[in-house]
Amino acid sequence: MLFNSWIFFLFLPLVFGLYFLLPQRWRWLLILAASYLFYGWWKWEFVIIIIVSTLLDFWVAQKIDASQEKAVRKRWLFLSLSANLGILFLFKYFYFFVGSTDWVQQLVHPHQKIRDLVDFLGKALPVGISFYTFQTMSYTLDVYYGRAKPEKHLGHFAVFVSYFPQLVAGPIERFNHLNEQLKAKHTILYENLQSGFRIMLYGFFVKMVIADNLSYTVTSIFNEPSKWPFYWNIVGVLSFSFQIYADFFGYSLIAQGVAKLFGINLMDNFNRPYLSKNITEFWKRWHISLTSWFRDYLYIPLGGNKVKKQRWVINVLLVFLISGLWHGANYTFIIWGALHGIFYLIERFSPIKLRSTLVKGVLTFVSVTLAWVFFRAADFNQAVNVFKGMIGINDGTRQLDTQPFIFLLLLIFGIMEWHRGNLRFDDYCKQYNGFQRWTLYCFMLFCILVLCGTEYQPFIYFRF
Amino acid sequence: MILKGLAVIGTVFLSHFIYSKIYWEPELKDQGYMLFNLREFQWHNDVLYLGESSNYWVSPNDTDKRTISDMINDSIDGMRLSGMQVPAYHAGMFLPIIDLIDTSARVKKLVVTMNLRSFGKPWIYSPQESALLRTKCFYQNASPLYNRLCATLGFHASPSADEQDKKMLHCFEFDTLKVNFELPHNTIKTWCEQEKFPLPEGGEDFPKRVLADHYIKGYAFQIDVNNNPRIHDFDKIAEICKQKNIQLYFNILAENVEWADSLVGPSLVYFMKTNRDLLVKRYSEKGVIMIDNLEKVPGQYFGEKDWTTEHYTQEGRMIVAQNVAKTLMLYFNQ
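Remember, it's a predicted structure, so these values are computed and weren't measured experimentally.

What counts as what
- Residues numbered from 1 in each chain as written.
- Chains lettered and ligands numbered in written order.
- Predicted model: local features only at pLDDT ≥ 70, side-chain atom pairs only at ≥ 80, totals over all residues.
- Contact = placed C-beta atoms within 7 Å.
- Helix = DSSP H or I, 4+ residues; strand = E, 2+ residues; numbered from the N terminus.
- Nonpolar A, V, L, I, M, F, W, Y, C, P; charged D, E, K, R; others polar.
- Domains from an automatic or database assignment.
- Pairing = 2+ DSSP bridges.
- Axes fitted to C-alpha atoms, helices over the stretch in contact; angles between N-to-C directions.

(A) Looking closely at the interface of chain B and chain A. At the interface, 23 residues of chain B touch 15 residues of chain A. Among the elements of the structure, helix H1 (2-31) and helix H8 (144-152) of chain B are those that each provide at least two residues to the side of chain B that touches chain A. Tallied by class, the residues present in the side of chain B that touches chain A amount to twelve nonpolar, six polar and five charged.

(B) Molecular detail of the domain arrangement of chain A. Residue and element names in this part refer to chain A. Domain assignment breaks chain A into domain 1 (6-185) and domain 2 (191-451). Computed over C-alpha atoms only, the centres of domain 1 and domain 2 are separated by 26 Å. If you look at the interface, domain 1 gives 20 residues, while domain 2 gives 19 residues. Counting only elements with at least two residues in the side of domain 1 that touches domain 2, the list comes to helix H1 (6-21), helix H4 (70-99), helix H7 (129-144) and helix H9 (175-183). In terms of residue count, H7 provides more of the side of domain 1 that touches domain 2 than any other element does, four residues in total. Its residues placed into classes, the side of domain 1 that touches domain 2 shows twelve nonpolar, six polar and two charged.

(C) The arrangement of the sheet that holds strand E1 (residues 47-51) of chain B in detail. All names here are of chain B. Spatial ordering of the open sheet is given by E2-E1-E3-E4-E5, a layout of five strands whose pairing is parallel. A single partner strand is all that each edge strand has here, and the edge strands are strand E2 (81-85) and strand E5 (289-292). In this sheet, adjacent strand axes meet at a mean angle of 20° when their direction is disregarded. Judged from the five bridges that link them, E1 and E2 form a sheet pairing that is parallel. In the sheet register, glycine 51 faces E2, and the bridge partner there is glutamine 85. On top of the sheet, helix H15 (residues 314-330) reaches E1, strand E3 (109-114), strand E4 (247-252) and E5; it is set at about 155° to E5, its chief contact.

Rendered as structure tokens:
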């Protein structure tokens, strides 16, 4: 189920109403059922993967906690990590790295059933698998490192793994932050409703009005970069930069808003990343829950910055490469991750230190935007063609019929983002009086109703 | 609280007003072309011709570029006809359009294209179906803003190309063909596997083999009147036209029967004709005037020889047009 689908607008009030009607002891069951329904609406078979992952990590965490011996704890941890990563590999990477290779294709070709299985693994990517797998892994790791006590109630743990607002595209929450909130007794509070609806409204505005409207420009350019003049290629790449931000930021806002209605605070996933002055800052502001995951569970265990310089460089590159691979089974994602790693290292070791904040900001934005080309391109050749298009090689003559109002809306969005500063959107709204706030709400509602994209667009990050 | 509620309601009404006045028309032209045309055409025509690409496709060698509907219009004295066509449209797409025809409009006759292949699985499970269903949201008898939101919020089924493919292949493998004569291949899959086109010098004539496969997949089926979605849609069209007092014509398009016969053989032609007979009988009984063009166009007048299409050269279009025009004139005063 998608937040921007009609069924969600029936699902949410129903779950919300039932949640507050039910006694506290049964609420977890409702949220669990709702979460599985939310996920299974797309393909119910894949709920089984979440259940397997839940049961395994619940059990392993108890075992880790019960044992005092480091070796035994390590073995249990190894079992959990290998099983979770194994599931992830099987459904996300197996076909790309193994199944599609010539020798495997030749090997399985005479065996219809095995061939069907390999083809199935090539096509069936359970949505959000990277998100909930990382969330459960962080739980096991936290229990192993003694940062969290294991949950004794299987149902509550299952809710933590599958909590529907953030199940398919994050934020990737930590056990200590989310679990206690989920277990606490919540009542309907006007402040929560006000805040939740505000954030949701802004989220829908950002997703449906900004991101979806940019989709046409981006798709047209990336599908046939050689057909357009250089300036349209540049517009297409810039548009993608804003589209992916608006799409993912919009999703995160809606997730936060929905959770807030139930009294749950989800972490912020974005903090105006395009206003960053360097790549390091960008990664502190972009997809914060994933960045902090990699920092806490990969970068620091690898030694963090307390290792020799050469080793540190390798660690940094490794983290960025894995981060790229996390997004998808394609070389383009690996290149995208590698580029960010290289940018990061250049920034660290460059003898030139820029003083102008504006120049630094522009340089960071341009670097990030150029790297997005690999992220968006279906393959390496397409990315190269987009770059060629941008510098005028194979200069096409076709003109794009993008509506100019889209760029006006983008400008409005940019001003709003710049103006809200470091405040969350609901806190930003609080600064203004009722009339001003409601004028803004009505404007956003109007844009959603009249100016949103006409195509039904799933969220980009669902693929991951 | 009342003021806030009024602000929301006011915004919705204002949105509806602005969308209907400013954005709906251009969006309809882009997303719901048939309705865009219908809004005007129904008031200025006696007859409407609803079709798909067969209506406007022209061969590069054609000197006469007129559409079938234009040719019909030029051949019917005393009546004015306009064509409305969108590629890949089928009865399920024509149905909501016909439902929107105003009973007080000038149009009182309707010619609806009946494409035999549209009853088959490759078309029913076409990857384009999802996009067509989205377009259908614009054809609902509701406010323009509501229709648009339905399209945006995915208020329609949107089967993926993979899912559609899977269903089609399943049918090819398991739907059996039941006939009175000996048919060694009772599924599409086994039939296609059996077709062989050996070359004298050895090997196989691959292009011919591919084309034969297309013909088998396109025509080797038996219409199940209880479960075929097209039957359901055409039935509804007949019903609606009766209610609206519109004289309805189903125009069974010409297929390349000659090629079907020479490539695959009489058993395939049997299916084409049996299905045609079933449709003629079923809808004649429902009071629809059937125009049977199935075997009217010789193979040489089909514009595309490497595919199963209803794309005709100017001669082919003229044959279909004259047959339709003749039938229309026959019922001129009714």
